[in-house]
Amino acid sequence: MIGAILTATLAAPAAGLFGHRAVRRSAHARLMRIDSPDGIDEQGFVRIGGIDQWISIRGEDRTNPVLLEVHGGPGAANSPYGARTREWEKHFTLVRWDMRGAGLTFAHGGGEGQGGPVTFDRLYEDALEVTRYVLDRMGVEQVVLMPNSFGTTFGLRLARNHPELYSAYVGTDQNIQEAGRDTSAYQGTLERLRAAGKAKDVATVEAMGSDPRKWTSAQRSSYDKLCAGSDPLTLDTVKKVILGSLWLSPLYSLGRVKAYFKGQGFSESVTEGASEFDDWADGTRFEMPFFIFQGAQDVITPTARAKAYFDAVEAPVKGFELIEDASHFASFRRPERFLELLLTHVRPAVAGVKR
């Protein structure tokens, strides 16, 4: 879906399109400069899990709390969003990591440089290694774990299993795995497709059935495109936020843009087996402050499901907030609102973390 939209965009008059892109990328590059004496701006490749993986550590004050993102997808790296989240770096040190098979890591090594098939277990181990690298590099005892979308499937397991590494959990586009019990997102997708008269797409989704445990990775990818594309707010976010950020990012040449989408296809297999997970059975007790900031109209990871899980969570401190005018990708559609939530909820909760 995203690749098709980009192809349509490129059909516009080339000279004006590329001229505008060059101007905007230069402006974003200037915006991204960090000149403060206590700041940090490190972007490059670090040896993680036997391969070079792209990690960015940026902030205007090294004494600020450290936020470690775990991006979604599979293969949907957060590296293009620097300009949208630049304000966050005034209050936090933001760590972005492009997983193996995703974003700049995939563009750097290609499919043959990812160390073999990309699996959930392999990425989980990478996440732990990245965490420990950041702790050592920043000289801190813990970081705030901030996963989004499919990254929250990793995030919940990291938080449950390694409370010693993380000062707080901040999930957005929160995914709650329920071993196929909850079919609300599936039913919602069918309703939107029927209302739009998309008979062929309805037949495709119905043929898959409502139990994601029985889907192949290719079927999961097909469903995700139909789910997102059938919701106007989500589709608007894909066009303006995701594609807009990727197209104008100073980090992304045209070759890297192409690699970004190729990496998403390469990473499809990561979802295999994840639908068998059961976050309720795995536990709702967390030994750290626990927050979910969710798009109020999220159709991909339904808000009601995230709220039900949150209500059952036991944690030293917890908070749930809606982000209005947002479906999935809420933190990037409304970065100013997300920062407000980080400052009012998360920063006070981690203020006493040892450095």
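Placed above this text is the structure.
Residues numbered from 1 in each chain as written. Predicted model: local features only at pLDDT ≥ 70, side-chain atom pairs only at ≥ 80, totals over all residues. Heavy atoms only, no water.

## Topic: the environment of Pro117
Quick reminder of the rule: Note on conventions: DSSP H or I runs of at least 4 residues are helices, E runs of at least 2 residues are strands, and numbering of each starts at the N terminus.
Considering the arrangement of structural elements, one finds Pro117 in the loop between α3 (103–109) and α4 (120–138). A sequence separation of 215 residues divides Pro117 from Phe332, and the C-alpha atoms of the two residues are 29 Å apart.

## Side note on helix α5 (residues 151–161)
An α-helix turns once per 3.6 residues; consequently, residues spaced three or four apart project the same way. In plain terms, the rule: Only protein chains enter the calculation, and the probe is 1.4 Å; a residue is then buried if its accessible area is under 20% of its type maximum, exposed if over 50%, and partly exposed in between.
Counting buried residues along α5, ten of its eleven residues qualify, which places the element largely inside the surrounding structure. Those residues of α5 lying buried are Gly151, Thr152, Thr153, Phe154, Gly155, Leu156, Arg157, Leu158, Ala159 and Arg160.

## With respect to the pairing of strand β5 (residues 143–147)
We count it as follows: We call two strands paired when DSSP finds no fewer than two bridges between them. Clockwise travel from the first strand over the helix to the second, with the strands pointing away from the viewer, marks a crossover as right-handed.
Within β5, five of the five residues are buried, leaving the element largely enclosed by the surrounding structure. Direction of pairing for strand β3 (residues 66–70) relative to β5: parallel, over a ladder of four bridges. Its bridge partner lying in β5, Val70 is registered against Pro147. Pairing geometry for β5 and strand β6 (residues 166–171), over three bridges, is parallel. Opposite Val143, over in β6, you have Tyr166 as the bridge partner. Between the parallel elements β5 and β6, the chain passes through α5 in a crossover that is right-handed.

## A word on the environment of Phe332
Under the convention used in this document: Residue contacts are counted whenever heavy atoms from the two residues lie within 4.5 Å of one another.
For Phe332, the location among the structural elements is in helix α13 (residues 330–333). Overall, the relative accessible area of 2% leaves Phe332 in the buried class. Along the sequence, Phe332 and Leu145 sit 187 residues apart, while their C-alpha atoms lie 17 Å from each other. When residues no more than four places from it in sequence are discounted, the contact partners of Phe332 are Glu69, Asn78, Tyr81, Arg84, Thr85, Trp88, Arg96, Asn148 and Val241.

## So, the side chain of Asn78
Condition: For this analysis, a polar contact is any N or O atom pair within 3.5 Å, provided that within protein one partner can donate a hydrogen and the other can accept it, and provided that sequence-adjacent residues contribute only side-chain to side-chain pairs.
Along the chain, the position of Asn78 falls in the loop between β3 and β4 (93–97). There is a polar contact of 3.2 Å between the side chain of Asn78 and the side chain of Glu69. Setting aside anything within four residues of it in sequence, one finds Asn78 in contact with Glu69, His71, Arg96, Asp98, Asn148 and Phe332.

## A look at the sheet that holds strand β7 (residues 290–295)
Note the threshold: Axes here refer to lines fitted to C-alpha atoms; in helices the fit is confined to the stretch in contact. Angles between the N-to-C directions go from 0 to 180 degrees.
In spatial order, the strands read β1-β2-β4-β3-β5-β6-β7-β8; together these eight strands make up an open sheet with mixed pairing. Edge positions in the sheet fall to β1 (40–48) and β8 (318–323), since each of these pairs with one other strand and no more. Averaged over neighbouring strand pairs, the angle between their axes works out to 20 degrees when direction is ignored. Two strands pair when backbone bridges link them, and β1 and strand β2 (residues 51–59) are joined in this way by nine bridges, in the antiparallel orientation. Bridging from a neighbouring strand, Asp41 pairs with Arg58 of β2. Its contacts with the sheet place α4 against β1, β2, β3, β4, β5 and β6, and it is angled at close to 135 degrees to β1. Helix α12 (residues 303–312) contacts β7 and β8 of the sheet and is inclined by roughly 165 degrees relative to β8.

## A word on the packing of aromatic side chains
For any pair of aromatic rings, the description rests on two quantities: the centre-to-centre distance and the angle between the ring planes. This is how the line gets drawn: Only centres within 6.5 Å qualify two rings of Phe, Tyr or Trp (six-membered ring in Trp) as a pair; their planes then separate them into stacked at under 30 degrees, edge-to-face at over 60, and tilted for everything else.
The full count for this structure, using the stated rule, is 22 aromatic pairs. Ring plane angle 70 degrees and centroid distance 5.1 Å describe the contact between Phe120 and Phe277, whose orientation is recorded as edge-to-face. Placement of the pair is Phe120 in helix α4 and Phe277 in the loop between α10 (254–266) and α11 (279–282), with a sequence separation of 157 residues. The exposure class assigned to Phe277 is partly exposed, which follows from its relative accessible area of 22%. Measuring from centroid to centroid gives 4.7 Å for Phe286 and Phe290, while their planes differ by 35 degrees, and the two rings are tilted.

## A short note on the nonpolar core
Rules: By convention a nonpolar core is built from buried Ala, Val, Leu, Ile, Met, Phe, Trp, Tyr and Cys residues, the set being connected through side-chain atoms within 4.5 Å.
Counting residues in each nonpolar core, the largest one holds 56 residues, and the members touching the most others are Ile55, Val143, Phe154, Leu158, Tyr166 and Phe290. Element by element, the count of residues in this core is highest for α4, at nine residues. In this structure, Trp88, Leu94, Phe291 and Ala330 belong to the second largest nonpolar core, which totals 25 residues.

## Quick word on helix α8 (residues 217–229)
Note the cut-off: By this rule, a helix spans an expected 1.5 Å times one less than how many residues it contains.
Taking 1.5 Å of rise per residue, the 13 residues of α8 would be expected to cover 18 Å, and the 18 Å separating its terminal C-alpha atoms lies within 8% of that figure. Along α8, the residues classified as buried are Ser217, Ser221, Tyr223, Leu226, Cys227 and Ala228. Taken together, the buried residues of α8 touch α6 (184–195), α7 (199–208) and α9 (232–248).

## Considerations on the packing of α6 against α8
Keep this limit in mind: For classification, angles of less than 35 degrees are called roughly parallel, those exceeding 145 degrees roughly antiparallel, those between 65 and 115 degrees roughly perpendicular, and all remaining angles oblique. If you view the pair so one helix is near and one far, a crossing is left-handed when the near helix is turned anticlockwise from the far one by less than a right angle, and right-handed when it is turned clockwise. Amino acids outside the nonpolar list (Ala, Val, Leu, Ile, Met, Phe, Trp, Tyr, Cys, Pro) and the charged list (Asp, Glu, Lys, Arg) are all regarded as polar, and Gly is one of them.
Their axes nearest at 9 Å, the elements α6 and α8 cross at an angle of 60 degrees. What the angle tells us is that α6 and α8 run oblique. Considering how the two elements wind past one another, α6 and α8 form a crossing that is left-handed. Residues Ala185, Tyr186, Thr189 and Arg192 of α6 form the contact with α8, whose own contacting residues are Tyr223, Leu226 and Cys227. Looking at the contact of α6 with α8 residue by residue, the classes come out as five nonpolar, one polar and one charged.

Geometric values such as these leave the question of function open.
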